Amino acid sequence: MSLTTTLFAALRAVGTTCTLAMGGVILRRQGLMTAQVSQALSKISSNLTLPCLLFASALNCDEDEKCPSMISILKDGWPMLILPFLVVGAGCLVGFVFAKISNAPSNFFMTAVAATAFANSTGLPITLLTAISTQSSTPGTDDGDDDNRDDDNKISQVSPLVYLSIYLVTYPILQWSVGAALLSPSSPVLSENEKQNSPEISQDDQAEHDIIHVQVEEEEEVSETRLSTSNYISRMTTFILEPDLPIAHIRQADENDLVQTDHPLTIAKSQRYLSTRKSIEQDVNNSEEENDDTHIHGHGGGRAAASVASKWITAIMRILPPPAMAAVLGMIIALITPVRAIFVDLRAKDYDAPMQWLFKGIKRIGDAAVPINSFILGNSLCKRFEALLDDSIAQDSIPPKVLFAVLFAKMVIMPALGAILALGLRAANILKDSAALLVTMIVTATPTANNLMVMAELAGQNKEGLASSIFTQYISAPIFLTLWLTFFLLIADGTI
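Predicted model, so just to flag it, every value in this text is computed and none were measured. (Residues numbered from 1 in each chain as written. Predicted model: local features only at pLDDT ≥ 70, side-chain atom pairs only at ≥ 80, totals over all residues. Heavy atoms only, no water.)

A. The overall build of the protein chain, seen in detail. Within the protein chain, the secondary structure is distributed over 21 helices and zero strands. The proportion of buried residues among the 496 residues of the protein chain is 44%. Of the contacts made within the protein chain by residues no fewer than 6 positions apart, 82% connect residues no fewer than 24 positions apart. (Helix = DSSP H or I, 4+ residues; strand = E, 2+ residues; numbered from the N terminus. Buried < 20%, exposed > 50% of the residue type's maximum accessible area, 1.4 Å probe, protein only. Contact = heavy atoms within 4.5 Å.)

B. Representation of the confidence of the model for the protein chain in the model. Residues of the protein chain with pLDDT of at least 70 account for 66%, and the chain-wide mean is 77. Of all secondary-structure elements in the protein chain, the lowest mean pLDDT belongs to helix 9 (residues 203-212), at 45, while helix 18 (residues 400-427) reaches the highest, 96. Here residues 255-274 scores under 50 on pLDDT; set against residues more than four positions off or in separate chains, the count is 39 contacts. (pLDDT = per-residue confidence, 0-100.)

C. Summary view of the packing of aromatic side chains. Enumeration over the complete set of coordinates arrives at eight aromatic pairs. Of the aromatic side chains, those joined through ring pairs into one cluster are Phe98, Phe404 and Phe408. (Phe/Tyr/Trp six-rings, centres within 6.5 Å; stacked < 30°, edge-to-face > 60°.)

D. Focus on unusual backbone geometry. Backbone geometry at Asn103 places phi at a positive 60°, although glycine is not the residue there. Mapped onto the fold, Asn103 is located in the loop between helix 4 (79-101) and helix 5 (109-117). The residue Asn429 is not glycine, and still its phi comes out positive at about 60°. Checked against the element boundaries, Asn429 lands in the loop between helix 18 and helix 19 (434-442).

E. Local environment of the packing of helix 7 (residues 160-182) against helix 14 (residues 322-335). Relative orientation of the contacting elements helix 7 and helix 14 amounts to 125°, with a least axis distance of 9 Å. Taken together, the axes of helix 7 and helix 14 lie oblique to each other. Both helix 7 and helix 14 take part in a crossing whose hand is left-handed. Residues Ser165, Ile166, Leu168 and Val169 of helix 7 pack against Ala324, Ala327, Val328 and Met331 of helix 14. Residues belonging to the contact of helix 7 with helix 14 are distributed by class as follows: seven nonpolar, one polar and no charged. (Axes fitted to C-alpha atoms, helices over the stretch in contact; angles between N-to-C directions. Parallel < 35°, antiparallel > 145°, perpendicular 65-115°, else oblique. Left-handed = near helix turned anticlockwise from the far one by under 90°. Nonpolar A, V, L, I, M, F, W, Y, C, P; charged D, E, K, R; others polar.)

F. Just the nonpolar core, in detail. Ranked by internal contacts, the top residues of the largest apolar core, which has 104 residues, are Met80, Tyr163, Leu164, Tyr167 and Phe488. If we ignore the near neighbours within four places in the chain, the residues touching Tyr163 are Ile73, Asp76, Gly77, Met80, Val158, Asp433, Ala435, Ala436 and Val439. (Core = buried A, V, L, I, M, F, W, Y, C linked by side-chain atoms within 4.5 Å.)

G. Quick peek at the pattern of salt bridges. Applying the stated criterion across every chain yields a total of three salt bridges. When the shortest N-O distance is used, the salt bridge between Arg28 and Glu386 registers 3.0 Å. With Arg28 in helix 1 (residues 3-29) and Glu386 in helix 17 (residues 369-389), this pair connects stretches of sequence that are 358 residues apart. Since its relative accessible area comes to 22%, Arg28 is described here as partly exposed. As a salt-bridge pair, Glu464 and Arg384 come within 2.7 Å of each other at their nearest N and O atoms. One end of the pair, Glu464, is in helix 21 (residues 463-492); the other, Arg384, is in helix 17, and 80 residues separate them in sequence. Here Glu464 falls in the partly exposed class, since its relative accessible area comes to 22%. Judged by its relative accessible area of 11%, Arg384 falls in the buried class. Ionic contacts of the salt-bridge type, sharing partners, join the residues Arg28, Arg29 and Glu386 into one network. (Salt bridge = Lys/Arg side-chain N within 4 Å of Asp/Glu carboxyl O.)

H. Broad picture of a nonpolar patch on the surface. On the surface, Trp78, Leu81, Ile82, Phe85, Leu86 and Ile430 cluster together into a nonpolar patch covering about 560 Å² of accessible area. Assignment of secondary structure puts Ile82 in helix 4. The exposure class assigned to Ile82 is partly exposed, which follows from its relative accessible area of 42%. (Patch = residues over 30% accessible without salt bridge, like charges linked within 9 Å, V, L, I, M, F, W, Y side chains within 5 Å. Areas by Shrake-Rupley, 256 points an atom, 1.4 Å probe, with all protein chains shown as cover.)

I. Quick look at helix 2 (residues 35-59). Taking 1.5 Å as the rise per residue, helix 2 with 25 residues should run 36 Å; its terminal C-alpha atoms sit 35 Å apart, in good agreement. At Ser45, helix 2 is deflected by roughly 45°, the largest bend along its length. (Expected span 1.5 Å × (residues − 1). Bend = angle between axes of the 7 residues up to and from the residue.)

J. Seen up close, the environment of Leu50. Tracing the sequence through the fold places Leu50 in helix 2. A relative accessible area of 5% places Leu50 in the buried class. In this structure, the C-alpha to C-alpha distance between Leu50 and Ile126, residues 76 residues apart in sequence, is 9.1 Å.

K. Helix 16 (residues 356-367), seen in detail. End to end, helix 16 covers 16 Å across 12 residues, agreeing with the expected 16 Å (1.5 Å per residue, within 8%). Within helix 16, the full set of buried residues consists of Gln356, Phe359, Ile362 and Gly366. Buried residues of helix 16 fall within an arc of 125° about the axis and therefore sit on the same side. Exposed side of helix 16, more than 90 degrees from the buried face: Trp357 and Arg364 are the residues found there. Residues of helix 16 that are buried make contact with helix 2, helix 15 (337-343) and helix 17. (Arc of directions from axis to C-beta.)

This is how it looks when you write it as structure tokens:
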């Protein structure tokens, strides 16, 4: 493709994504996108539409194309399983360097590293890849004349979503292991500014300072304390095994999180915390007693076994979320040609496979993933913008130079490394398919993953600072993504 054609293809893809995101903004401004609606849409997306989309992408066979063999796809795309390790490793190194250069505050240093290492690798890449595939599959004249269609402009006979599915098999594991480790509590190393601006502490106050190390705030809530690594691991385990338990309750789950101090304000807040916790525990106990009374006849052992099995299933779904599991299931079915032929007509293409109706239904459900995820994104950005305008909301300020450093590292350096990696893999004949090369680069160019917000909150890190960083990235994303997508498409089709 020519530079002009590629640039307009990138503009159309980004424009489509922005238009879809505006739907979420409009719904929020109309009061329709409430917190409950947004949470419900998120669950629908992660548990239904995204899994259906990735499952259908693995089995799909275009009407005018020869059905690609999943064996050949995996032979060409196996590096996608290793790619997350390279991307996350490079992101950690780049994030550390730029956090040092920008002199990031101690309560945001490792958060900045994680924000650089972990990108949005599901919702936004799927939206962009879908838009790009639509544009590149019909790059001819705008009047729809098939005779003028340039088939050489098509990205690949294999859907990029298939390669993204392979990438997502290992990426979530790193996100919940390396990401959680980066955000785990540790003794902060003061930046140079903090060292210079830190007040002198008298010898008499040193012992109390070492014990308390707490900033007492005016809000009527338990003050944030330094969290021990063991308590953080406990919180993460509870979050993984108990998905329906509010994060606020998880953070109050361990009395050892309280600071042992004689400070009167801290004691008062600790007492309020203990009172609240006892009330919560009493409600839980009462609920359990009611359940025991209801199911007391012969179901005790069965309920206990079911509970253990449910927690193991929940843990697996956290580490390997439904989209990744659906992608794996789709690839397994696609590997077995007779089974795949039950769902998709592989030869005649006249849609008369025995279970083609089921596949078409799953595919239609998956088609809803892109608009739903875009609505959620638009709503989140609008919500953050409203919070920034609301002076009554306390913000943990991050120096502008730190926000700019994370922005530059995530939206400039990481995509550049992704392009270099793709060129290297193609030159070494390790990764040849243009769709796989495109996925390799796009997963490095998207803003920080929103899942880090949950980890930061559980670890007691600077959640507001992370939110500001993500918001800054998304606001600038239309410009950066347009430029990088143009460059990526030129690499993918061999022009560069």
